[in-house]
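Remarks on the overall topology
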Amino acid sequence: MRQLQFCFWLCGLLCLALPAAAQRQPPGMSADPVLTLDGLPRPGPPPIETAPVVPAQVERWRLEAKALEYGDNGHARDPIRAAELYCRAARHGDPEAQYNLAWMLTNSRGIERDEAQAAHLFAAAAEQGIAQAKNMLVRMGGEPLGAPPACLRPPEDDALLAAQLPARPAAKKGVLAATRLSPQPSPPPLPKNAPDAIVRFVQLVAPDYQLDPGLVLAFIATESNFDPLAVSPKNAQGLMQLIPGTAQRFGVRNVFDPVQNIRGGMAYLRWLMARFEGDVRLVAAAYNAGEGNVERYLGVPPFAETRMYVYKIVKATGGRVEHPFDPQVTPASKSLPMIKPFWRQ
């Protein structure tokens, strides 16, 4: 019995002594340095792009990042560099890079945890069809809050390019407005496969919608390649690929009638011109991905398809990035003060 009482006494003494011993650890030492996430490094911001970036380069960034994340293909594991390369590819619309970087940020894979930024990245990847990203977004509570992070901001926002352009003058209310940051390039040639009947109709009617005929023809060429019966996987229909909601919104009853379709598409373009104050890139992005996504991402959304679409429209119009607009058509987007692409600084 005495031996049993001694054992209870000894156990109690040890239990009291252990916390005291823990308190006597030298300053700065952690009780469990392996499990703590304090002090993990944060990746640097994406670099300033000073030249056009082609899709093949974006893919190389993503593949190199993956090798550095896991230490594959002869690369030493470097999570910081991996995250920076994922970020660079993510802002150019690569959905896999967006998902992988979000996963690193959510799970603290060698970098500082940031669930707010991860939610935005998961949302962008989910929008482009990554099923796992949709599941992660649901687990995180739904739509992300706040402005998108630097890894999703348009590359055109780079400060180096923005600083090279003068300020944009404010539009006067009640008049057809146009900005003149620089002389507009000469009108590009008409699309080679544009049917004469469509060209003549657009040239005749586009001025009624305060639109340049060349711009309208660029949208038709990019959307349907002048096929009046074209239907996309997302059920966009006709020459200007109107979805049913947009067709109804602008009074198109027969979306496969070329005249109705073109008029509906031009009405939508005129509305977008007013909403985004004549910024051709924002208008093209909104036509492709919806005006809500342009406002949500404060610029061209980080979707590979949309970025390529904007590139095609601008190229087809000879590099034109501005267009006259009528501010009386609809109020400007409330997000415009926060949208600062390099031509709007």
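Each remark here, short or long, concerns the structure printed above.
Residues numbered from 1 in each chain as written. Predicted model: local features only at pLDDT ≥ 70, side-chain atom pairs only at ≥ 80, totals over all residues. Heavy atoms only, no water.

1. Focus: the overall build of the protein chain
Tallying secondary structure elements over the protein chain gives 14 helices and zero strands in all. Taken from the N to the C terminus, the helices and strands of the protein chain come in the order α-α-α-α-α-α-α-α-α-α-α-α-α-α. For the protein chain, the residues scored as buried account for 43% of the 345 residues in total. Restricting to contacts in the protein chain with at least 6 residues of sequence separation, those with at least 24 account for 62%. Put simply, the protein chain shows about 18,700 Å² of open surface, and 57% of that area lies on carbon and sulfur atoms. (Helix = DSSP H or I, 4+ residues; strand = E, 2+ residues; numbered from the N terminus. Buried < 20%, exposed > 50% of the residue type's maximum accessible area, 1.4 Å probe, protein only. Contact = heavy atoms within 4.5 Å. Areas by Shrake-Rupley, 256 points an atom, 1.4 Å probe, with all protein chains shown as cover.)

2. Thoughts on the state of the cysteines
Scanning all chains against the criterion turns up one disulfide. Between the sulfur of Cys-87 and that of Cys-151 lies a disulfide, 2.1 Å long from S to S. Handedness of the Cys-87-Cys-151 disulfide follows from its S-S torsion of about -105°: it is left-handed. Linking Cys-87 in helix H3 (residues 79-90) with Cys-151 in the loop between helix H6 (131-139) and helix H7 (159-162), this pair joins segments that are 64 residues apart in sequence. Classification of Cys-87 as buried rests on a relative accessible area of 3%. Judged by its relative accessible area of 7%, Cys-151 is buried. (Disulfide = S-S within 2.5 Å.)

3. Notes on the nonpolar core
Membership of the largest hydrophobic core comes to 48 residues, with the highest contact counts inside it found for Phe-219, Ile-220, Met-240, Ile-262 and Tyr-287. Counting residues per element, the ones that place at least two in this core are helix H8 (196-205), helix H9 (213-224), helix H11 (258-275), helix H12 (280-289) and helix H14 (304-316). Ranked by the residues each element gives to this core, the list is headed by H11, at eight residues. Other than its neighbours up to four places away in sequence, Ile-220 contacts Ile-198, Val-202, Asn-225, Phe-226, Leu-239, Met-240 and Ile-262. Core analysis: the second largest hydrophobic core is formed by 34 residues, Ala-90, Leu-105, Ala-124 and Leu-152 among them. (Core = buried A, V, L, I, M, F, W, Y, C linked by side-chain atoms within 4.5 Å.)

4. Notes on unusual backbone geometry
Of note in this structure, Asn-73 is not a glycine but carries a positive phi near 55°. Of the residues examined, Asn-73 reaches a relative accessible area of 69% and is grouped as exposed. Positive phi values are uncommon outside glycine, yet Phe-226 reaches one of about 65°. Looking at the secondary structure, you find Phe-226 in the loop between H9 and helix H10 (244-249).

5. Some words on H8
When H8 is considered as a whole, its buried residues turn out to be Ile-198, Val-199, Phe-201, Val-202 and Val-205. Buried positions in H8, seen along its axis, are confined to an arc of 165° and lie on one side of it. Exposed and oriented more than 90 degrees from the buried face of H8 are Asp-196, Arg-200 and Leu-204. (Arc of directions from axis to C-beta.)

6. Here we look at a nonpolar patch on the surface
Among the surface-exposed residues, Leu-229, Val-231 and Phe-256 lie close enough to one another that they form a single nonpolar patch of about 280 Å² accessible area. Among the structural elements, Phe-256 can be located in the loop between H10 and H11. (Patch = residues over 30% accessible without salt bridge, like charges linked within 9 Å, V, L, I, M, F, W, Y side chains within 5 Å. Salt bridge = Lys/Arg side-chain N within 4 Å of Asp/Glu carboxyl O.)

7. Observations regarding the side chain of Glu-291
Of note, Glu-291 is situated in helix H13 (residues 291-296). The residues contacting Glu-291, other than those within four sequence positions of it, are Arg-249, Tyr-268, Trp-271, Leu-272, Arg-275, Phe-276 and Ala-286.

8. A look at the packing of aromatic side chains
Enumeration according to the criterion identifies seven aromatic pairs in this entry. Arranged with centres 5.6 Å apart and planes meeting at 80°, the rings of Tyr-297 and Phe-303 form a pair that is edge-to-face. Given the relative accessible area of 1%, Tyr-297 is considered buried. One residue, Arg-249, lies across the ring of Trp-271, its end atom 4.4 Å from the ring centre. (Phe/Tyr/Trp six-rings, centres within 6.5 Å; stacked < 30°, edge-to-face > 60°. Lys NZ or Arg CZ within 6 Å of the ring centre and 35° of its normal.)

Distances and angles like these do not, on their own, reveal function.
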